[in-house]
Amino acid sequence: MTMSIFVSRASALNAGQAAAFDQWCTALTERGFTLHEHPQACYTDGPWTTLPAAIRAVDGVVLFGFASIKIREGARNAGTVEATRAPVRLASPWVQLEAGIAVASGRPVLA
């Protein structure tokens, strides 16, 4: 039986990220996994029904939390003990939401 995997990543990748993503996808498909990505257009047309359904339909989720947001100036959690100065790099918020949906759906997650 073929196992299916939902693959989560930012919609735009730089050359290094794209190469790493392609290597992982190749390795997974060579091992017999079927990979599924949610089409980018679905994220703008109200993903709150289609995204959980897509994640529930697979056997597991692989999350690629590549940095997609770079903050060059300022601070994160300013004024707290967890404050960090820029530069800060963050993954797409969608990857974080997909992780939460996967965990809530009882799917194994590799991040």
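To keep things clear, this report deals only with the structure shown in the data block. All residue numbers here refer to positions counted from 1 along the written sequence of the relevant chain. Two thresholds apply to this predicted model, a pLDDT of at least 70 for residue-level local features and 80 or more for giving and counting side-chain atom pairs, whereas whole-chain, interface and lining totals are computed over all residues. Each side-chain value is worked out from all heavy atoms of the structure, with water and hydrogens disregarded.

Some details on the pairing of strand β3 (residues 60-63)
Thinking step 1. Burial classes follow relative accessibility: with a 1.4 Å probe on protein chains only, a residue under 20% of its type's maximum area counts as buried, one over 50% as exposed, and anything between as partly exposed. Each helix corresponds to a stretch of at least 4 residues labelled H or I by DSSP, and each strand to a stretch of at least 2 residues labelled E; elements are numbered beginning at the N terminus. In β3, alternate side chains face the same way, and those of G60 and V62 on one face and V61 and L63 on the other are all buried.
Thinking step 2. Note on pairing: two strands pair once DSSP finds at least 2 bridges between them. Bridge count for strand β1 (residues 4-8) against β3 is four bridges, and the pairing is parallel. Note on β3: the bridge partner recorded for F6 is V61.
Thinking step 3. Note: β3 against strand β8 (residues 109-110), two bridges, orientation parallel.

Digging into the layout of surface pockets
Thinking step 1. The space that makes up the largest pocket amounts to roughly 280 Å³.
Thinking step 2. In terms of lining residues, the largest pocket is bounded by 15 residues, among which R9, A10, S11, Q40 and Y43 are the most central.
Thinking step 3. Put simply, the parts of the chain that give the lining of the largest pocket at least two residues each are β1, α2 (40-44) and α4 (93-104).
Thinking step 4. Basically, the charged four are Asp, Glu, Lys and Arg, the nonpolar ten are Ala, Val, Leu, Ile, Met, Phe, Trp, Tyr, Cys and Pro, and anything else, Gly included, counts as polar. Taken together, the residues that form the lining of the largest pocket break down as seven nonpolar, five polar and three charged. Here the term cavity refers to a set of points on a 1 Å grid, laid over the protein atoms alone, in which a 1.4 Å probe fits but cannot get out; the term pocket refers to an open set having protein on both sides within 12 Å along at least five of seven lines, with lining residues being those that place an atom within 4 Å of a point. Grid points are joined across faces, edges and corners, and a volume is the space filled by probe spheres set on the points.

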